[in-house]
Amino acid sequence: MEPQSQLLMKEKTTETTRMSGSEAVMQSLLKEGTSIIFGYPGGAIMPIYDALYNYHEQIHHVLTRHEQGAMHAAQGYARVTGKVGVCLATSGPGATNTITGLADAMMDSTPLVVITGQVVSSLLGTDAFQETDVVGVTQPVTKWNYQVRRAEDIPAALARAFYIARSGRPGPVVVDITKDAQINELDFNYQPVESIRSYTPESPIDFHQIEEAAKLINLAKKPLALVGQGVVLGNAERELLDFLEKAEIPAAWTLLGLSAMPSDHPQNVGMLGMHGNYGPNIKTNEADLIIAIGMRFDDRVTGDLTKYATNARVIHMEIDPAEINKNVHADVPVLGNVKKTLPLLTAKITNNDHKDWLAEFDACFRIEFNRIIEKEIAPADKGLRMGEVISKVSSAFDDDAVMVTDVGQHQMMGARYFRFKQSRSVVTSGGLGTMGFGLPAAMGAKLGAPDRPVCVFVGDGGFQMTIQELGTIFQTKIPVKIVLLNNNFLGMVRQWQELFFDKRYASTELINPDFQTIAKGYHVPAVKVTDRENLDDAIRQMVETDGPFLLEAVVEKEGNVFPMVPAGASVSDIRLE
């Protein structure tokens, strides 16, 4: 018996049905509650698509225009629903086109199951037409991957894939299925996976760690909570607020932790990191205690590690043991899902008063508002600014839309000026920073949250990387609102060239097409705005239009995102201009 078959063997029951491997894939997806998948057909996965033909009323397949688009759409779906996103791709170039999405999902802990077709088993290793070593290629960017060569192994492989993708710290998995495994028959019996030997998705809670953390919190005079995506992934938003409010601790958030607490919460002091708010950055080195909650101390948050949180003890609440002490030493690590550990910690801490400490953040915000924010959202000069467009769009949706972004200046502006009332309202590429992410991710987000408005902000650079997905939006009738912030530059790179390379704008200026004509070709209504006096009417038209809409706002060419912590600098060296 092959080792892979031994790995997936389970105790069989007598309740089996004879079917092909391809139909077993469909039945397995239904057993896992899958109702929507994203993908692109091809030769090696054609038997699965043929089986899908009979399941169109149970599983909605979204035909994207590129496999990368399918991946980002599945990510958007997973991020707003908390469910596992599912993709289909064929062998060879179809499979390799998923790599960027896999790497993005791995960095941002997004649960995906990606099913790829493969050449028949007898041709493996022969450089057959459209053969690629999918397991070898995807291993560095997946939580788990596996190749199925026998039809009878399909149910167990998919059960394991879904369990691994969504448990513990979520992530992407790949199941590569040979064409003969798809065609051959098996006695289908599906057993959901509830545990895997040697795989521990959550560490057991150490109550001594809880006690030690509570002691530090009760003694702290200037505590600062750093809120990451772990709160959202763990569905621990209520537990977070209970904890913060009991001890009156100011809370700053990472890019992916953005909507874990409402924007207008009095203890929400803003975003951390390179383009974060002034107060959270400079106060990091004044805090006497840092409480990191479901975040990984990314370099864009910490800056120079040798000058980070120099006066603070550190409590690190984290589900993944590999993140503890990886970048920042934790005086007290608290391992486990924050959904479980936060209430235990809240029960041990005392009611506290940090009004004076919170007032220091308010003072910092007033400085930032006068120096930066007011000029960005209510500029006196003629040109449109990204911040004012984003702020007005947020208001037009009553600060309660799902914001999706591509990557670049508009991404940071969106994080700074879009506002939120509920969790799972932010879909953006954090760790990998993938240009082209926004448009397809918005498709998946809208399909995952059909009752919520979904607005995607894109730059003219990233938009053109996946602009073909306008075809998917048209064909599938996905009512996303697209705001194109067009400055005819690769804006973030240009900003760095201006500040650090003596304005040597090497290969960053773009000669763009007529986006309005392109939108018309895809039957997407569109309007272009160049003057402030037309902005409100254009936004109103976008909001009131049923179906998709493209609002192109021509913004100033050389606008910059401030504040900014220069790369490699201390968070205390944040620049306001």
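All values reported here derive from a predicted model rather than from experimental measurement.

### So, the overall build of the protein chain
For step 1, the next point in the chain: Secondary structure summary: the protein chain contains 24 helices and 20 strands in total.
For step 2, the next point in the chain: Computed over the C-alpha atoms, the radius of gyration of the protein chain is 24 Å, within 12% of the 25 Å expected from 2.2 N^0.38 for a compact globule of 577 residues.
For step 3, the next point in the chain: C-alpha atoms of the protein chain, sized along the principal axes, occupy 70 × 65 × 40 Å.
For step 4, the next point in the chain: Taken over 577 residues, the protein chain has a buried fraction of 59%.
For step 5, the next point in the chain: When the accessible surface of the protein chain is totalled, it reaches about 23,100 Å², and 50% of it is carbon and sulfur.

### A short note on the packing of helix α4 (residues 67-81) against helix α19 (residues 438-448)
Geometrically, a packed helix pair is captured by the angle between its two axes and the distance between the axes.
For step 1, the next point in the chain: Interaxial distance between α4 and α19 falls to 6 Å at its minimum, and their mutual angle equals 40°. The pairing of α4 with α19 is recorded here as oblique in orientation. Crossing geometry of α4 relative to α19 is assigned as right-handed. Of α19, the residues touching α4 (which contributes Gly69, His72, Ala73, Gly76, Tyr77, Val80 and Thr81) are Pro440, Ala441, Met443, Gly444, Ala445, Leu447 and Gly448.
For step 2, the next point in the chain: Looking at the contact of α4 with α19 residue by residue, the class counts come to 8 nonpolar, 6 polar and no charged.

### A closer look at the nonpolar core
For step 1, the next point in the chain: In this structure, Ile217, Phe243, Ile293, Ile315 and Val393 are the most contacted members of the largest nonpolar core, which totals 78 residues.
For step 2, the next point in the chain: Residues lining this core come from more than one domain, with at least three contributed by each of domain 2 (207-361) and domain 3 (386-554).
For step 3, the next point in the chain: Ile293 has contacts with Ala225, Leu226, Val227, Gly228, Val231, Leu240, Phe243, Met317, Val338 and Leu342, leaving out every residue within four places of it along the chain.
For step 4, the next point in the chain: Among the nonpolar cores identified, the runner-up in size contains 44 residues, and Val62, Ala105, Val134 and Leu550 belong to it.

### Details of the domain arrangement of the protein chain
For step 1, the next point in the chain: In terms of domain boundaries, the protein chain breaks down into domain 1 (3-188), domain 2 (207-361) and domain 3 (386-554).
For step 2, the next point in the chain: Computed from C-alpha coordinates alone, the two centres of domain 1 and domain 3 are separated by 31 Å.
For step 3, the next point in the chain: Across the contact, 25 residues belong to domain 1 and 27 residues belong to domain 3.
For step 4, the next point in the chain: Counting the surface lost from both domain 1 and domain 3, the interface buries some 1,900 Å², and carbon and sulfur atoms represent 63% of this.
For step 5, the next point in the chain: When the area that domain 1 buries against domain 3 is broken down by residue, the three leading residues are Arg65, Arg79 and Val80, summing to 32%.
For step 6, the next point in the chain: Where domain 1 packs against domain 3, one counts 0 salt bridges.
For step 7, the next point in the chain: Between domain 1 and domain 3 we count 12 residue pairs in polar contact (both at pLDDT 80 or more) in total.
For step 8, the next point in the chain: Among the secondary structure elements, those contributing two or more residues to the side of domain 1 that touches domain 3 are β2 (36-39), β3 (60-63), α4 and α6 (99-107).

### Re unusual backbone geometry
For step 1, the next point in the chain: In this structure, Pro563 follows Phe562 across a cis peptide bond, with omega equal to 0°.
For step 2, the next point in the chain: Tracing the chain through its elements places Pro563 in the segment after β20 (549-554).
For step 3, the next point in the chain: With a phi angle near 60°, Asp398 is a residue other than glycine that sits in the positive phi range.
For step 4, the next point in the chain: Along the chain, the position of Asp398 falls in the loop between α17 (386-396) and β15 (402-405).
For step 5, the next point in the chain: The class of Asp398 is partly exposed, set by a relative accessible area of 49%.
For step 6, the next point in the chain: Although it is not a glycine, Lys503 sits at a positive phi angle of roughly 60°.
For step 7, the next point in the chain: With respect to the helices and strands, the residue Lys503 is situated in the loop between α22 (491-500) and α23 (515-521).
For step 8, the next point in the chain: When its relative accessible area of 52% is taken as the criterion, Lys503 is described as exposed.

How each quantity is defined
- Residues numbered from 1 in each chain as written.
- Predicted model: local features only at pLDDT ≥ 70, side-chain atom pairs only at ≥ 80, totals over all residues.
- Heavy atoms only, no water.
- Helix = DSSP H or I, 4+ residues; strand = E, 2+ residues; numbered from the N terminus.
- Rg over C-alpha atoms; globule rule 2.2 N^0.38 Å.
- Buried < 20%, exposed > 50% of the residue type's maximum accessible area, 1.4 Å probe, protein only.
- Areas by Shrake-Rupley, 256 points an atom, 1.4 Å probe, with all protein chains shown as cover.
- Axes fitted to C-alpha atoms, helices over the stretch in contact; angles between N-to-C directions.
- Parallel < 35°, antiparallel > 145°, perpendicular 65-115°, else oblique.
- Left-handed = near helix turned anticlockwise from the far one by under 90°.
- Contact = heavy atoms within 4.5 Å.
- Nonpolar A, V, L, I, M, F, W, Y, C, P; charged D, E, K, R; others polar.
- Core = buried A, V, L, I, M, F, W, Y, C linked by side-chain atoms within 4.5 Å.
- Domains from an automatic or database assignment.
- Buried area = accessible area lost by both parts, 1.4 Å probe.
- Salt bridge = Lys/Arg side-chain N within 4 Å of Asp/Glu carboxyl O.
- Polar contact = N/O pair within 3.5 Å; in protein donor to acceptor, adjacent residues only side chain to side chain.

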